[in-house]
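Now for the letters of each chain:
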Amino acid sequence: MKATDVDRITNWIVRRGLEGAQESDLLREFCEKCNEADLPITRALVVIDTLHPVHEGTVFRWRNDDIEEKAATTYGRTTEGAAADSWHRSPFYHLLQTGGEELRRRIGFGEPADFSIIEEVKELGHTDYIVFVYRFATDATIGEMDCVYSGWSTRNPGGFSDECIAALRQLVPVLGLAIKSATLTNVAHTLVETYLGRDAGRRVLAGRTQRGVADRIEAALWFSDLRGYTTITDTAPPGEIIPLLNDYAEAVITAIHEAGGDVLKLIGDGTLALFRADDPAEACRHALLAEEILRARIKELNEKRRAEERPITSVYIGLHVGAVFYGNIGSVDRLDFTVVGPAVNETSRIASMCRSVDRPVLVSSAFAASLSARQRAGLVSVGRFALRGVGRAQELFTLDPELI
């Protein structure tokens, strides 16, 4: 491989990294360009950890044959079970433990295939395998993301030449930097959407970070909390409280997301969400769909938890529709992207009335008025109420018990 090819591919990596190319595309295009420049890569993988509530990291793979293989595979925690055993037997773990940066096995020329991944490629006729681990500085790590791992193999009868090894040593760190950049972008998206909500997270990453900047929007509003939560926390074993919150929050959040809503706040056992559409009737329809999905999900969850002899509960839901301000509120150095306005307070008060009238769902008169005639037919009035902190009394409705 010529020095001019190394320079050309280096410049290409930098450009693609600055453009924001995704990791799997970077690896695929890198391997193709290396092969075109007579650096005979047959298989390659790059591993990088991430900061994610479920996944520990991602493996990106490329191979120069007709066998189908996923370009990217996420993996869970490698701290226990079979995943831990596999990790501890890998050449990457060996390098981390020994402080090394590179491990090479010329398996087509008598050197040992002393790791399972190397044994695998030897059986496929590969002749040479090299692994790199490039560590980040301590203050440059994020979560478990502290280095980039990569492995490169060839079926070339002569293995990797000295020139090819020298080229890989020069090129792979540059590729690792571009992949790190792409992964950090994905981490940013994951974090803001996980902690702020999907729509709010996208708005923040799009530049909506100025304090006091808020949009006036019309939305269907959802506030829900758990029935008897205080009693449960007083009587259930302490170790049951967090699993209970997680189980029911999972049911609520997934139902809202499946129906097209956005969760804005988790407040203890409470959830604040909104549904947006050009037509208020459409937004309200999505909110009712979320309630329907949640109702089925809670039934399944309670059956499962009851069989396990664990505490069960249900969800109170208040639904309203109206104008709110949606944007950044807070101090200069601590902002919250949320909704505020009288309609938000009313929604919370409506949800709290569920206990008084012993109904799982209550909707405002404005919400009911926004529905189609067919949907309104599925509601029944529970009476007119003066809501705490709300200047005017209003009629509230619930789902007709005979129709659910």
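Keep in mind that what you see is a predicted model, and the values were worked out from it rather than measured.

A.B. asks: I would appreciate a short explanation of the packing of aromatic side chains in the present structure.
C.D. replies: Aromatic rings considered in pairs are described by the distance between their centres and by the relative angle of their planes. Inspection of the entire model under this criterion finds seven aromatic pairs. Judged by centre distance (5.6 Å) and plane angle (80°), the rings of Trp-87 and Tyr-149 are edge-to-face. Of the two residues, Trp-87 sits in helix α3 (residues 81-88) while Tyr-149 sits in strand β6 (residues 147-154), which places them 62 residues apart along the sequence. When sorted by exposure, Trp-87 lands in the same class as Tyr-149, which is buried. Ring plane angle 10° and centroid distance 5.8 Å describe the contact between Phe-132 and Tyr-134, whose orientation is recorded as stacked. For the pair Phe-132 and Tyr-134, a shared accessibility class is recorded, and that class is buried. Pairwise contacts between aromatic rings join Trp-87, Phe-92, Tyr-93 and Tyr-149 into one cluster.

A.B. asks: Explain the side chain of Asp-128 to me, please; I cannot follow it from the model alone.
C.D. replies: Mapped onto the elements of the fold, Asp-128 is located in strand β5 (residues 128-135). Asp-128 gets classed as buried once you look at its relative accessible area, which sits at 0%. In this structure the side chain of Asp-128 is engaged in a polar contact, spanning 2.9 Å, whose partner is the backbone nitrogen of Phe-160. Other than its neighbours up to four places away in sequence, Asp-128 contacts Arg-104, Arg-105, Arg-106, Ile-107, Trp-152, Ser-153, Thr-154, Gly-159 and Phe-160.

A.B. asks: What am I meant to see in the pairing of β6 here?
C.D. replies: β6 sits mainly inside the fold: eight of its eight residues count as buried. Neither face of β6 is left uncovered, since the one carrying Cys-147, Tyr-149, Gly-151 and Ser-153 and the one carrying Val-148, Ser-150, Trp-152 and Thr-154 both have all their residues buried. Sheet topology note: the strand β1 (residues 43-49)/β6 ladder contains six bridges and is antiparallel. For Ala-44, the partnering residue across the bridge sits in β6 and is Trp-152. Bridge analysis of β5 against β6 gives eight bridges, and the strand direction is antiparallel. Bridge pairing in β6 links Asp-128 to Thr-154.

A.B. asks: I would appreciate a short explanation of the nonpolar core in the present structure.
C.D. replies: A general trend in soluble globular proteins is that nonpolar side chains are found buried together. Ranked by internal contacts, the top residues of the largest apolar core, which has 40 residues, are Trp-222, Phe-275, Leu-294, Leu-319, Val-363 and Phe-367. The residues contacting Phe-367, other than those within four sequence positions of it, are Ala-220, Cys-284, Ala-287, Leu-288, Leu-319, His-320 and Val-321. Core analysis: the next-biggest nonpolar cluster, separate from the first, contains 36 residues, Ile-9, Ala-44, Phe-136 and Met-145 among them.

A.B. asks: Looking at this model, I keep getting lost on the packing of helix α9 (residues 238-258) against helix α10 (residues 280-307). Mind explaining?
C.D. replies: To characterise two packed helices, one gives the angle between the axes of the helices and the distance between these axes. Two numbers describe how α9 lies on α10: the axes approach to 8 Å, and their chain directions differ by 150°. Judged by the angle between their axes, α9 and α10 are roughly antiparallel. The interaxial crossing formed by α9 with α10 has right-handed handedness. Every residue of α10 that contacts α9 at Glu-240, Pro-243, Leu-244, Asp-247, Tyr-248, Ala-251, Val-252, Thr-254, Ala-255, Ile-256 and Glu-258 is listed here: Ala-290, Ile-293, Leu-294, Arg-297, Ile-298, Leu-301, Asn-302 and Arg-305. Split by residue class, the contact of α9 with α10 holds twelve nonpolar, two polar and five charged.

A.B. asks: Where do I start with the packing of helix α1 (residues 3-19) against helix α6 (residues 162-196) in this structure?
C.D. replies: Closest axis-to-axis distance for the α1/α6 pair is 9 Å, and the angle between their directions is 5°. As the angle between them shows, α1 and α6 are arranged roughly parallel. Only Ala-167, Gln-170, Leu-171, Val-174, Leu-175, Ala-178 and Ser-181 of α6 make contact with α1, whose side of the interface consists of Val-6, Asp-7, Ile-9, Thr-10, Ile-13, Val-14 and Gly-17. Of the residues in the contact of α1 with α6, the class split is nine nonpolar, four polar and one charged.

A.B. asks: Looking at this structure, how should I read the pattern of salt bridges?
C.D. replies: According to the stated counting rule, one finds 27 salt bridges in the structure shown. For the salt bridge of Arg-43 with Glu-120, the shortest nitrogen-to-oxygen distance reads 3.3 Å. Taken as a pair, Arg-43 in strand β1 and Glu-120 in helix α5 (residues 116-123) lie far apart in primary sequence, 77 residues in all. On the accessibility criterion, Arg-43 (11% relative accessible area) is buried. Taking the shortest distance from any N to any O, the salt bridge between Arg-105 and Asp-114 comes out at 3.0 Å. For Arg-105, a relative accessible area of 17% puts it in the buried group.

A.B. asks: Help me understand unusual backbone geometry in this model?
C.D. replies: Glycine aside, negative phi is the norm for most residues, and most peptide bonds take the trans geometry. A positive phi angle is found at Glu-309, which is not glycine, with a value near 55°. Structurally, Glu-309 can be placed in the loop between α10 and β10 (315-331). Not every positive phi belongs to a glycine, and Asp-358 is a case in point at roughly 55°. Position of Asp-358 among the secondary structure elements: in the loop between α11 (342-357) and β12 (361-364).

A.B. asks: Can you help me understand the pairing of strand β4 (residues 102-105) in this one?
C.D. replies: Along a regular strand, successive side chains alternate from one face of the sheet to the other. Side chains of β4 alternate between two faces, with Leu-103 and Arg-105 buried and Glu-102 and Arg-104 left unburied. The pairing of β4 with β5 spans four bridges and is antiparallel. Bridge pairing in β5 links Arg-104 to Ile-130.

The rules behind these values
Every chain's residues receive numbers from 1 upward, in the order its sequence appears when written. A pLDDT threshold of at least 70 governs which residues receive local features in this predicted model, and a stricter bar of 80 or more applies before side-chain atom pairs are shown or counted, although totals over entire chains, interfaces and linings include all residues. For the side-chain quantities, the full set of heavy atoms in the structure was used; hydrogens and water were omitted. Stacked, edge-to-face and tilted labels apply to pairs of Phe, Tyr and Trp rings (six-membered ring for Trp) whose centres lie within 6.5 Å, assigned for plane angles under 30 degrees, over 60, and everything in between, in that order. Where helices and strands are cited, they refer to DSSP runs of H or I of at least four residues and of E of at least two residues respectively, numbered from the N terminus. For the exposure calls, accessible area comes from a 1.4 Å probe over protein chains only, and a residue counts as buried if that area is under 20% of its type's maximum, exposed if over 50%, partly exposed in between. By the criterion applied in these results, polar contacts are pairs of N or O atoms within 3.5 Å in which, for protein atoms, one can donate a hydrogen and the other can accept it, and in which residues neighboring in sequence qualify only through two side-chain atoms. Residue contacts follow a heavy-atom distance rule, with two residues in contact if any of their heavy atoms lie within 4.5 Å. Only when DSSP finds a minimum of two bridges between them are two strands counted as paired. By nonpolar core we mean a set of buried residues, namely Ala, Val, Leu, Ile, Met, Phe, Trp, Tyr and Cys, connected to one another through side-chain atoms within 4.5 Å. Axis definition: a line fit to C-alpha positions, over the contact stretch in the case of helices; interaxial angles, taken between N-to-C directions, run 0 to 180 degrees. Any angle that falls under 35 degrees is termed roughly parallel, while one over 145 is termed roughly antiparallel, one within 65 to 115 roughly perpendicular, and all others oblique. Left-handed describes a crossing whose near helix is turned anticlockwise from the far helix through less than a right angle; right-handed describes the clockwise counterpart. Any residue that is not Ala, Val, Leu, Ile, Met, Phe, Trp, Tyr, Cys, Pro, Asp, Glu, Lys or Arg is counted as polar, Gly included; the first ten are nonpolar and the last four charged. Salt bridge, as used here, is a side-chain nitrogen of Lys or Arg placed within 4 Å of a carboxyl oxygen of Asp or Glu.

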